[in-house]
Amino acid sequence: MVLGAHSRSTAVVSEKLRAPWLLSGLLAVACATAASLLIGPADIEISAVLLELTDRLPLIDVNSGLSPIHANIIWEVRLPRVVLGALVGATLAISGASYQAVFRNPLADPYLLGAAAGAGLGATIAIVTGSGDGMGTFDTVPLLAFVGSLAAVALTYFLGYSSGVRRSPAALLLAGVAVASFLTAIQTFIQQRNVETIRQVYTWILGRLNTASWGEVSLLAPYALLASLVILLHRRTLDVMRLGDAEASSVGIRPQLVRLIVIIAASLGTAAAVAVSGLIAFVGLIVPHTVRLLAGSSNRIVLPLSMMFGAAFLMFVDLVGRTIASPTEIPIGVITAFCGAPFFVVVLRSNRRSLG
Amino acid sequence: MRNLKALLAISLVLVSCGEGNGSSETGTYEANSGSILATETPTGKAIAETKSEFSAKGDANTGSVESHFPTAIVSMSPTATEMLFAVGAGEQVIAVDNYSYWPPEAPVVEDLAGWNPNVEAIASFQPDLVILSDSGIQQELESLGIKVYVAAAAAELEDVYAQMMEIGEITGRQSGAIAAVDHMKEKIQTLLDGMKRPDKPLTYYHELDDVLYSVTSATFVGYIYSLAGLVNIADPADQDGSSWGYPQLTQEFILEADPDIIFYADAECCGQSFKTIASRPGWSDLKAVRNGNVIQINNDVSSRWGPRLVDFLSTVSAAVSAVKIE
């Protein structure tokens, strides 16, 4: 019986997400959300923020005593930024986790197949050509970053397949390296030829949530939700595939197809996240690995927990970025690496679980 | 985080070098010797770009100079180019870098990158004087027997005048330089004297780009605003000078500071306008937006410490005099 074989062989690699971990994930998201909303560069009393937030609840009408500007800061600046940070963090972390799963490679991250380099090239072209048109009504940077990111992944996939990915998934990874180097070379060339825009390009590359608005949230949300949903639906299948393609085929799974679907979903999510927030490094790598080391390596655990801890991690990091040197902004990409890398080393050293 | 700041600073310095900046002799970049990015096209239509007083009139002494003065000058600094033409040495200039948009008759060579000057490209013009914005390739040029003058960034008006006088001296245009400097001094004095100054000093925010980079009073631009009696909201953002006077502000901070005037220098680079600024989430309630005190600045003019300073100051003083306070 196919189903019986399925459950027997996956028992070793597939584990349920247990309640304590689920709760701790939710708690982390809740704490990070609360802290991010209550603390900020603008000097607003925590109690006033709480009153202002409760005021918007249905059937409750309280006066927070906030000026219109302070109310704007909470509703139009702080809240969308927190939500965007959570969405970006969740998307990058679950995309990274799924890349690691389909490639069975611990070094895989969401930018592996050229997504970052393609987005960087797209954004650079948008910034360079966008200057001086005086329109300013439509921001082409996210659009071109999104298109560039997807085009780069598609190119990688095409090159990887034409050079024998069926023999080894490594062909795809190597194609990704080649595409990323090539696109980065073009991006750098364009950037150097248009040095007056160099600061804008760098700012984009280091990640930006500073100008987050509800508009960006609504751009990212559909892709983030769709990608996460598709990836989560494949969490059991991905566990079976950990046993190898032959084993997976024997229980009726088509590994090539699953891989393609998951890669498309993760790349779509990554492209949308990168388009609105720039290149935020490390989240897609360290969050899933930390989850794996602490909670277990089954994708039924890793994928949902990566989402939650990815969201919490990025909200926390962004809180640091906008408050530690306030009123100066520290680009978020710097802090993800600065806080994330040492933390990850600690987890790595204090744990002997397998990274597989 | 140091690395980050260094990276951003490097990008700033790189770009600023196009403007004639940086002091690579000491390897440091002084907080008060700044210029901002030249994100400007030759067709810029900014308010500040009124007809310049100094557009190569050549003032006092046009005509030939004595033979021992340079007659084949290459300028790699947009500010120095403006000064050369202002003191009347324009006809001695044979090539200028690709950001020397002003005056229009300056012989721009697109391949001469001011921010990353190439010794061979410069030498191929066989110049007898090269003006650089920093001393990066001074030795290389001098070893080819070419005279070099480094026009470092100014920190205050006296530096500007001194540099113009020096450029007049080395090009044999002293009387032109004296006339140009006197004219500038007079114009600036008139503007400062004629300004209406409110009892309570007005606050301002100078926007460099749409990710909210700004300048502090430690920069040359900020210094000019201080002359006009304005108070910079960005000053607390870079008290230790670690951002070299160019901090990136958080949006919450700008909204909370609620400046009286917003000067935006990112129309050219980033397509910003009163409309786009007013439509940013939460910005419509700002004093400056409600009262219409949102003023476009030609970044090219405000970032250079040359003769067109007068135009920049005139935009600022007009904005201050016309400011509407509820």
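Here the structure is a predicted model, which is why all the values come from computation and not from measurement. (Residues numbered from 1 in each chain as written. Chains lettered and ligands numbered in written order. Predicted model: local features only at pLDDT ≥ 70, side-chain atom pairs only at ≥ 80, totals over all residues.)

Right, let's talk about the overall build of chain A for a bit. Counting its regular elements, chain A contains 15 helices and 0 strands. Relative to the compact-globule value of 21 Å for 356 residues, chain A shows a C-alpha radius of gyration of 21 Å, a close match. Taking the principal axes of its C-alpha atoms as reference, chain A extends roughly 65 × 50 × 40 Å. Here chain A holds 356 residues, and the buried ones make up 54% of them. (Helix = DSSP H or I, 4+ residues; strand = E, 2+ residues; numbered from the N terminus. Rg over C-alpha atoms; globule rule 2.2 N^0.38 Å. Buried ≥ 20, exposed ≤ 12 C-beta atoms within 10 Å, placed from the backbone.)

A few words on the overall build of chain B. A tally of regular secondary structure across chain B gives 13 helices and 8 strands. Within chain B, buried positions represent 54% of all 326 residues. In chain B, of all internal contacts separated by at least 6 residues, the share reaching a separation of at least 24 is 67%. (Contact = placed C-beta atoms within 7 Å.)

Time to look at the pairing of strand β4 (residues 147-150) of chain B. Residue and element names in this part refer to chain B. Of the pairings in the sheet, the one linking strand β3 (residues 129-132) to β4 comprises 4 bridges and is parallel in character. Paired with I131 across the strands is Y149, a residue of β4. Between the parallel elements β3 and β4, the chain passes through helix α4 (residues 138-143) in a crossover that is right-handed. (Pairing = 2+ DSSP bridges. Right-handed = clockwise from strand over helix to strand, strands pointing away.)

All names here are of chain B. Spatial ordering of the open sheet is given by β6-β5-β7-β8, a layout of 4 strands whose pairing is parallel. Each end of this open sheet is capped by a strand with a single partner; those strands are β6 (231-232) and β8 (294-296). In this sheet, β6 lies alongside strand β5 (residues 203-207) in parallel orientation, the contact comprising 2 bridges. Note that in β6 the partner of T203 across the bridge is V231.

To continue, consider the packing of helix α2 (residues 19-38) of chain A against helix α14 (residues 299-323) of chain A. All names here are of chain A. Closest axis-to-axis distance for the α2/α14 pair is 9 Å, and the angle between their directions is 20 degrees. When the interaxial angle is binned, α2 and α14 end up roughly parallel. For the pair α2 and α14, the crossing hand works out as left-handed. Counting all contacts with α2, which are made through W21, G25, L26, A28, V29, A32, T33, A35 and S36, the residues of α14 involved are I301, L305, M308, F309, A311, A312, M315, F316, D318 and L319. (Axes fitted to C-alpha atoms, helices over the stretch in contact; angles between N-to-C directions. Parallel < 35°, antiparallel > 145°, perpendicular 65-115°, else oblique. Left-handed = near helix turned anticlockwise from the far one by under 90°.)

Another aspect to go through is the pairing of strand β2 (residues 93-96) of chain B. All names here are of chain B. In this sheet, β2 lies alongside strand β1 (residues 73-75) in parallel orientation, the contact comprising 3 bridges. Its bridge partner lying in β2, V74 is registered against A95. Each parallel crossover has a hand, and the one from β1 via helix α2 (residues 78-86) to β2 is right-handed.

To continue, consider the confidence of the model for chain B. Residues and elements named next belong to chain B. Per-residue pLDDT for chain B averages 79, and the proportion of residues at 70 or more is 78%. In the predicted structure, residues 1-61 sits below a pLDDT of 50 and forms 175 contacts with residues beyond four places in sequence or in another chain. Under the prediction, the complex receives an ipTM of 0.72, its pTM being 0.77. (pLDDT = per-residue confidence, 0-100.)

Now for unusual backbone geometry. Most peptide bonds are trans, and most residues other than glycine sit at a negative phi. Here the bond from S326 of chain A into P327 of chain A is cis, since omega is 5 degrees, no more than 30 degrees from zero. Tracing the backbone through its elements, the reader meets P327 of chain A in the loop between α14 and α15 (332-349). Of note, the bond from W102 of chain B into P103 of chain B is cis; its omega dihedral lies within 30 degrees of zero at -10 degrees. The residue P103 of chain B is located in the loop between β2 and α3 (119-123) in this model.

Quick look at the environment of G241 of chain B now. By secondary structure assignment, the location of G241 of chain B is in the loop between β6 and α8 (251-257). For the pair formed by G241 of chain B and A218 of chain B, sequence separation is 23 residues and the distance between their alpha carbons is 8.2 Å.

All names here are of chain B. Extensive coverage of α2 is indicated by the burial of 9 of its 9 residues. Taken as a whole, α2 has its buried residues at P78, T79, A80, T81, E82, M83, L84, F85 and A86. Count one or two residues on from α2 and you reach G88, which has phi positive near 95 degrees.

All names here are of chain B. Spatially, 4 strands are ordered β2-β1-β3-β4 in an open sheet, and the strand pairing comes out parallel. Two strands bound the open sheet, and with one partner strand each, they are β2 and β4. With strand direction ignored, the average angle separating the axes of adjacent strands in the sheet is 20 degrees. Strands β1, β2 and β3 of the sheet are contacted by α2, whose axis makes an angle of about 135 degrees with β1.

The subject of this paragraph is helix α8 (residues 198-205) of chain A. Residues and elements named next belong to chain A. By the criterion of burial, α8 is predominantly enclosed, with 7 of the 8 residues buried. Inspection of α8 places I198, R199, Q200, V201, T203, W204 and I205 among the buried residues, and these make up the whole buried set. Once α8 ends, the next one or two residues include G207, with phi positive near 90 degrees.

Residues L220 and A272 of chain A are the most contacted members of the largest nonpolar core, which totals 192 residues. Counting residues per element, this core draws most heavily on helix α4 (residues 68-103) of chain A, which supplies 17 residues. Three or more residues apiece are contributed to this core by two domains, here domain 1 (2-42 + 195-321) and domain 2 (73-192) of chain B. With residues near it in sequence (within four places) discarded, A272 of chain A still touches F146, L220, Y223 and A224 of chain A. (Core = buried A, V, L, I, M, F, W, Y, C linked by C-beta atoms within 7 Å. Domains from an automatic or database assignment.)

Once that is clear, we can look at the packing of α4 of chain A against helix α12 (residues 255-277) of chain A. Packed helices, taken two at a time, are described by the angle their axes make and the gap between the axes. Residue and element names in this part refer to chain A. Two numbers describe how α4 lies on α12: the axes approach to 9 Å, and their chain directions differ by 150 degrees. One element, α4, and the other, α12, form an angle in the roughly antiparallel class. You can see that α4 and α12 cross each other, and the crossing is left-handed. Along its contact with α4, which presents L84, V88, T91, L92, S95, S98, Y99 and V102, the element α12 presents R259, V262, I263, A266, G269, T270, A273, V276 and S277. Per-class residue counts for the contact of α4 with α12 are 10 nonpolar, 6 polar and 1 charged. (Nonpolar A, V, L, I, M, F, W, Y, C, P; charged D, E, K, R; others polar.)

Take the environment of V230 of chain A next. All names here are of chain A. With respect to the element layout, V230 can be found in helix α9 (residues 214-233). Sequence-wise, V230 and S95 are 135 residues apart; in three dimensions their C-alpha atoms are separated by 11 Å. Not counting chain neighbours up to four residues away, the residues in contact with V230 comprise I261 and A265.

What follows is about the confidence of the model for chain A. Parts of the model with low pLDDT should not have their predicted coordinates read in detail. The predicted model of chain A averages 85 in pLDDT, with 91% of residues at 70 or higher. Contacts of residues 1-6 of chain A to residues separated by more than four positions or lying in other chains number 5 contacts, the stretch itself having pLDDT below 50.

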